[in-house]
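# Secondary and tertiary structure notes
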Amino acid sequence: MRRALELAARGLGQVSPSPLVGCVIVSESGEIVGEGFYIYENLKHAETIALEQAGAQARGATAYVTLEPHAHHGRTPPCTEALIRAGIARVVVPIEDPNPLVSGKGFAHLRAAGIEVQTGLLEREAARLNEAYIHSMRHARPFIHLKLACSLDGKIATRTGDSRWITGEESRSRVQELRHQADAILVGAGTAIADNPLLTDRSGQPRRRSLVRVVLDAALRLSPDSQLALTARESPVLVFASETAEEASRCALVKRGVESVQDASGGRDLQRVLQELGRRSIQSVLVEGGANVAGAFLDAGLIDKVSFFIAPIIIGGRDAPAAIGGTGAQKIADAVNLQDVEVIQRGRDFEVTGYRLRDEG
């Protein structure tokens, strides 16, 4: 199963809005005879690829699949039918697929055909691998991952606004991996104007869809000569703005290829922003700041995962911006608690990643 999960992870950036799936076929004698993983453009699911490799050796074998096989006709024929026809005797799957078209139906089809089905093996690892897919299916909105780089005293820039670079190369390289895993990256207008970033996926790994670059910019202050606007035809830029924003500003950005979504909230209604992104089949959003945007997402209870890259430097100064703005917690008891926290050293820095504890009341 660990091998199947490794295979599934090879599809990162190449399957959305579908899930990551890996499959390993093990013969009756205990030999691996087939392997496969899913890539959206291939039109073959992991099970089918692994079964083709296994050939006649699949009869009586065990299939280790990282997600419940589907039993319906979609872009591809049912995977359950392929497993049944191949003579698979046992299927081991960590988790059920939350997609209503699949959920429980794949297991039922296999069992009805006399195949033994076992679930739960490496359940946590499998759920983490497909965390964005599972979340978007269950909550009908994208999975939100907040990423921030800060000093030991929680500052994201000096009092003069200098922020390059707080963290080292190892941390910045890791951030590119996080961008590769996401469907979209989101910042506020302040960050877009102050830093003039590209916000691209520079991981060097293949991806199926371009990373959508999202800016919350009520007044449409983003310059048509910014790096984002100048590269909008190469990688999409989506700006959420107010209905009252100047038409001339909108037209200048549109000429560059920037798409704008305008409403009364001007991007301040984050639920509406996420609803629009979800409508575009965006499963996961990496929020990269600045402090006001991070605070707004935190106050709205919309952050699902956080990654802080903490540099061993102290910036100091009451006027130096802190990592998270917004209203914040009134009492310590109201503070956001994290679970499944992991700390990894990245060069001189430390990456602290955790998941929001949802039963905190």
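So, here is what we can say about the structure in this document. Because the structure is predicted, anything quoted here is derived from the model rather than measured.

## Description of the sheet that holds strand β1 (residues 22-26)
- With respect to topology, five strands assemble into an open sheet ordered β2-β1-β3-β4-β5, the strand pairing being mixed. Strands at the two margins of the open sheet, each flanked by one partner only, are β2 (32-37) and β5 (116-119). The mean inter-strand angle of the sheet, taken between neighbouring strand axes irrespective of direction, is 15°.
- Sheet topology places strand β4 (residues 90-93) next to β5; four bridges connect them, and they run parallel. Residue pairing for β5: V92 is matched across the bridge by Q118.
- Sheet strands touched by helix α2 (residues 46-54): β1, β2 and β3 (62-65). Its angle to β2, the strand with the most contacts, is close to 150°.
- Running at roughly 145° to β5, helix α4 (residues 105-112) makes contact with β4 and β5 of the sheet.

## Description of the pattern of salt bridges
- For the structure on display, the rule yields 21 salt bridges.
- Ionic pairing is found between E52 and K44, a salt bridge with its closest N-O pair at 3.0 Å.
- Owing to a relative accessible area of 36%, K44 belongs among the partly exposed residues under this scheme.
- Of the charged contacts in the structure, one is a salt bridge between R207 and D201, with a shortest N-O distance of 2.8 Å.
- On the basis of relative accessibility, which here comes to 22%, the residue R207 falls in the partly exposed class.

## Thoughts on the pairing of strand β8 (residues 212-216)
- Most of β8 is tucked away: five of the five residues are buried.
- Here β8 shows a buried face lined by V212, V214 and L216 and a second buried face lined by R213 and V215.
- Here five bridges tie strand β7 (residues 184-188) to β8, and the two strands are oriented parallel to one another. If you follow A184 over to β8, its bridge partner there is V212.
- Handedness of the crossover is the feature at issue here: the chain leaves β7, passes through helix α8 (residues 189-195), returns alongside β8, and the resulting connection is right-handed.
- In this structure, β8 lies alongside strand β9 (residues 237-242), joined through four bridges in parallel fashion. Among the inter-strand pairings, R213 is bridged to a residue of β9, identified as V237.

## Focus on helix α7 (residues 169-181)
- Between its first and last C-alpha atoms α7 spans 19 Å; for 13 residues at 1.5 Å apiece the expected length is 18 Å, and the two agree.
- Those residues of α7 not exposed but buried are S171, R174, V175, Q176, L178, R179 and H180.
- Close packing links the buried residues of α7 with β6 (143-151), β7, β11 (284-287), β12 (305-311), β13 (338-346) and β14 (349-356).

## Overview of the environment of D349
- Turning to its location among the elements, D349 is positioned in strand β14.
- With 198 residues separating them in the primary sequence, D349 and S151 have C-alpha atoms 9.4 Å apart.
- Contact partners of D349, with chain neighbours within four places excluded, come to T167, G168, S171, I310, A311, P312 and I344.
- Here G168 takes part through its backbone nitrogen, which lies 2.7 Å from a polar atom of the side chain of D349.

How each quantity is defined
- Residues numbered from 1 in each chain as written.
- Predicted model: local features only at pLDDT ≥ 70, side-chain atom pairs only at ≥ 80, totals over all residues.
- Heavy atoms only, no water.
- Pairing = 2+ DSSP bridges.
- Helix = DSSP H or I, 4+ residues; strand = E, 2+ residues; numbered from the N terminus.
- Axes fitted to C-alpha atoms, helices over the stretch in contact; angles between N-to-C directions.
- Contact = heavy atoms within 4.5 Å.
- Salt bridge = Lys/Arg side-chain N within 4 Å of Asp/Glu carboxyl O.
- Buried < 20%, exposed > 50% of the residue type's maximum accessible area, 1.4 Å probe, protein only.
- Right-handed = clockwise from strand over helix to strand, strands pointing away.
- Expected span 1.5 Å × (residues − 1).
- Polar contact = N/O pair within 3.5 Å; in protein donor to acceptor, adjacent residues only side chain to side chain.

Shape descriptors only; they carry no functional weight alone.
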